[in-house]
Protein chains: 2
Amino acid sequence: MKKLYVVGFGPGSMNGYTIEALNALESSELIYGYKTYIDLVKKNFPGREYIVSGMHEEKDRCKEALSKANEDHTVSIVSSGDAGVYGMASLILEMAKDYPEVEINVVAGVTAALSGAARLGSPLGHDFVVISLSDLLTPWEVIEKRLKAAAVGDFVTVLYNPGSHSRTDALEKACEIMLENGRDKDTVCGIIKNIDREGQERHIMTLEKLKDYEADMLTTVFIGSSTTKLIGEKMVTPRGYKVD
Amino acid sequence: MKKLYVVGFGPGSMNGYTIEALNALESSELIYGYKTYIDLVKKNFPGREYIVSGMHEEKDRCKEALSKANEDHTVSIVSSGDAGVYGMASLILEMAKDYPEVEINVVAGVTAALSGAARLGSPLGHDFVVISLSDLLTPWEVIEKRLKAAAVGDFVTVLYNPGSHSRTDALEKACEIMLENGRDKDTVCGIIKNIDREGQERHIMTLEKLKDYEADMLTTVFIGSSTTKLIGEKMVTPRGYKVD
């Protein structure tokens, strides 16, 4: 059987790999990925052939990975976090129809919403949404509609891609939408940057302060629901048990 | 340092453990958890003392775990999936204020939204929400408000605890709320039961058919967004790349 693994390897350090991800990478001859991800994977799995590509080269990367798998190489394509959450899994599955003999195995991983939550405390103890603020592939109106729905539904809201060099006001706009749709300015929010990597940073602040925070692509943002609270330095959304 | 690990171990098989979860359990003398979870963990980590408790005994379980950690035992309390997603992490952090010397370490894991998604294809390739249909600790009006917001926001919607012996109509009601709030009856939906465990089942169906599905507590339900599609047997939500 021709095999292609689409592997999410968690935040970056070896600690976040699942056994399934380890096994997939150990069995692979060729490993494809975005440069930043390959740099993280390479040191743990020497002796493989790594094929690095840049941003905006996702389709070429997927095509080549599929085509090499079709030539009977065991291939992995990697994303940090979970390859199924804003990762390469959907694109691979969309392109795989031209390679019917290749079996696609998506290997789930610990996405930043989960790894970031663990570092902040337990913000995802109740219902939550995950929204990407990147308007590269999604019209801003769709993002806006979803932010509004997240606010109205009083979900804990996790924001991926909250900012970049070219998008400096997305987070500010997102916070304003939250505030305009009933979320309190004192809502407990958390920020986590470079999760489990060098230079990890963790901040807790109100929704009002979050508006002015300058976030980059390696930052994950958590906006609490109306029940989210601060316990010591931990951001916690209770499940609902009565605690004295 | 007194240590308590709150460990999510993924869907159940060894494949879904992270290295961090393995290390936490390997270092623990005492492991606390709900019976079903302990049965899954026990076979992989022999030689530990396991303390089993039932449903509705969560507070006693957390209190005892904290108190043993406070007596200098290294303790883990386990949940399947991610302990921070409807798991024990929030409750532990709420109760931990009485044990200031105990350091709480939340160990993130692959929650059913992620492991289930990988088995179905790639339904979480774009923005999504996670909602529990259990009204044990949450008023049904809150659940209803969130389902409505999820429908209006056109999120991929993952439902946890879609049914049980005593709640047989929650999923039907959830589907009706989706349909009443603009979601198409032909929306691609997926169901996954007993993920990575004996008796795993996987079904793809429309939202209209989902209404009549009898789900239990070990089932995770995925309702697609307007862009979710079926490719072969896979449920895929595109990220937005243009694919010919």
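This write-up is about the structure you can find in this document. (Residues numbered from 1 in each chain as written. Chains lettered and ligands numbered in written order. Predicted model: local features only at pLDDT ≥ 70, side-chain atom pairs only at ≥ 80, totals over all residues. Heavy atoms only, no water.)

Things to note about the pattern of salt bridges
Any two side chains of opposite charge can pair, on the condition that their charged atoms come close.
Turning to step 1, where the next piece is worked out: Using the criterion set out here, one finds 28 salt bridges over all chains in the structure.
Turning to step 2, where the next piece is worked out: One salt bridge connects Asp186(A) with Lys185(A), and the closest N-O pair in it is separated by 3.5 Å.
Turning to step 3, where the next piece is worked out: Given a relative accessible area of 45%, Asp186(A) falls into the partly exposed group.
Turning to step 4, where the next piece is worked out: We note a salt bridge from Glu101(B) to Lys2(B), for which the minimum N-O separation is 3.9 Å. Remark: Lys2(B) occurs in strand E1 (residues 2-8) and Glu101(B) occurs in the loop between helix H4 (89-95) and strand E5 (102-107); sequence separation between them is 99 residues.
Turning to step 5, where the next piece is worked out: A cluster of three or more residues bridged by salt bridges with shared partners is formed by Asp127(A), Asp154(A), Arg183(A) and Arg146(B). (Salt bridge = Lys/Arg side-chain N within 4 Å of Asp/Glu carboxyl O. Buried < 20%, exposed > 50% of the residue type's maximum accessible area, 1.4 Å probe, protein only. Helix = DSSP H or I, 4+ residues; strand = E, 2+ residues; numbered from the N terminus.)

Focus on a negative patch on the surface
All names here are of chain A.
Turning to step 1, where the next piece is worked out: Together, Asp169, Glu172, Glu208 and Asp212 make up a negatively charged patch on the protein surface.
Turning to step 2, where the next piece is worked out: Following the sequence through the fold, Asp212 ends up in the loop between helix H8 (207-210) and strand E11 (219-223).
Turning to step 3, where the next piece is worked out: Assessed through its relative accessible area of 61%, Asp212 is described here as exposed. (Patch = residues over 30% accessible without salt bridge, like charges linked within 9 Å, V, L, I, M, F, W, Y side chains within 5 Å. Areas by Shrake-Rupley, 256 points an atom, 1.4 Å probe, with all protein chains shown as cover. Lys, Arg positive; Asp, Glu negative; His and termini not counted. Charge placed at Lys NZ, Arg CZ, Asp CG, Glu CD.)

Notes on the side chain of Ser76(A)
Turning to step 1, where the next piece is worked out: Examined against the element boundaries, Ser76(A) turns out to sit in strand E4 (residues 75-79).
Turning to step 2, where the next piece is worked out: Excluding residues that lie within four positions of it along the chain, Ser76(A) makes contacts with Leu4(A), Tyr5(A), Val7(A), Ala24(A), Leu25(A), Ser28(A), Leu30(A), Ile31(A) and Tyr32(A). (Contact = heavy atoms within 4.5 Å.)

Side note on the sheet that holds strand E13 (residues 234-236) of chain B
Turning to step 1, where the next piece is worked out: An order of E6-E13-E12 (chain B) is seen for the 3 strands of this open sheet, with the pairing classed as mixed. Bordering the open sheet on either side are strand E6 (121-122) and strand E12 (229-231) of chain B, each of which pairs with just one other strand. (Pairing = 2+ DSSP bridges.)

With respect to the relation of the copies chain B and chain A
Turning to step 1, where the next piece is worked out: Relative to chain A, chain B is turned by 180 degrees and slid 0.0 Å along the rotation axis, the superposed coordinates differing by an RMSD of 0.0 Å. The symmetry that links the two subunits is that of a two-fold axis.
Turning to step 2, where the next piece is worked out: A share of 100% of interface residues in chain B that are also interface residues in chain A marks the association as one of identical surfaces. (Least-squares fit on C-alpha atoms with pLDDT ≥ 70 in both.)

Here's the deal with the interface of chain B and chain A
Turning to step 1, where the next piece is worked out: Across the boundary between the two partners, chain B contributes 67 residues, which contact 67 residues of chain A.
Turning to step 2, where the next piece is worked out: For the pair chain B and chain A, the summed buried surface comes to about 6,000 Å²; carbon and sulfur atoms form 58% of the total.
Turning to step 3, where the next piece is worked out: On the chain B side of the contact with chain A, Arg146(B), Arg239(B) and Tyr241(B) bury the most area, a combined 13% of that side's loss.
Turning to step 4, where the next piece is worked out: Here chain B and chain A share 8 salt bridges between them.
Turning to step 5, where the next piece is worked out: Between Arg146(A) and Asp154(B) there is a salt bridge, and its shortest N-O distance comes to 3.8 Å.
Turning to step 6, where the next piece is worked out: The leading source of residues in the side of chain B that touches chain A is H4(B), at 6 residues. (Buried area = accessible area lost by both parts, 1.4 Å probe.)

Quick word on the state of the cysteines
Two cysteines joined by a covalent bond between their sulfur atoms form a disulfide.
Residue and element names in this part refer to chain A.
Turning to step 1, where the next piece is worked out: One pass over the structure, following the stated rule, counts 0 disulfides over all chains.
Turning to step 2, where the next piece is worked out: The closest cysteine sulfur to the non-disulfide-bonded Cys189 is located on Cys175, 6.5 Å from its own sulfur.
Turning to step 3, where the next piece is worked out: Given a relative accessible area of 0%, Cys189 falls into the buried group. (Disulfide = S-S within 2.5 Å.)

Here we look at the side chain of Thr219(A)
All names here are of chain A.
Turning to step 1, where the next piece is worked out: Among the structural elements, Thr219 can be located in strand E11.
Turning to step 2, where the next piece is worked out: Residue Thr219 is classed as buried on the basis of its relative accessible area of 2%.
Turning to step 3, where the next piece is worked out: A polar side-chain atom of Thr219 sits 2.7 Å from a polar atom in the side chain of Asp216.
Turning to step 4, where the next piece is worked out: If we ignore the near neighbours within four places in the chain, the residues touching Thr219 are Leu159, Asn161, Pro162, Ile191, Ile192, Lys193 and Tyr213. (Polar contact = N/O pair within 3.5 Å; in protein donor to acceptor, adjacent residues only side chain to side chain.)

Focus on the nonpolar core
Turning to step 1, where the next piece is worked out: In this structure, Leu4(A), Leu124(A), Leu4(B) and Leu124(B) are the most contacted members of the largest nonpolar core, which totals 94 residues.
Turning to step 2, where the next piece is worked out: Every residue in contact with Leu124(A), bar those within four places of it in the chain, is listed here: Ala113(A), Leu114(A), Ala117(A), Val156(A), Val158(A), Phe222(A), Gly84(B), Val85(B) and Tyr86(B).
Turning to step 3, where the next piece is worked out: Membership of the second largest hydrophobic core comes to 52 residues, among which are Ala149(A), Ala151(A), Ala215(A) and Leu147(B). (Core = buried A, V, L, I, M, F, W, Y, C linked by side-chain atoms within 4.5 Å.)

A closer look at the pairing of strand E11 (residues 219-223) of chain B
Residue and element names in this part refer to chain B.
Turning to step 1, where the next piece is worked out: Summarising burial for E11: 5 of the 5 residues are buried, a large majority.
Turning to step 2, where the next piece is worked out: Burial of the side chains of E11 extends over both faces: Thr219, Val221 and Ile223 are buried on one face and Thr220 and Phe222 on the other.
Turning to step 3, where the next piece is worked out: Note that strand E9 (residues 188-193) and E11 share 5 bridges and pair antiparallel. Note that in E11 the partner of Gly190 across the bridge is Phe222.

By themselves these figures say nothing about function.
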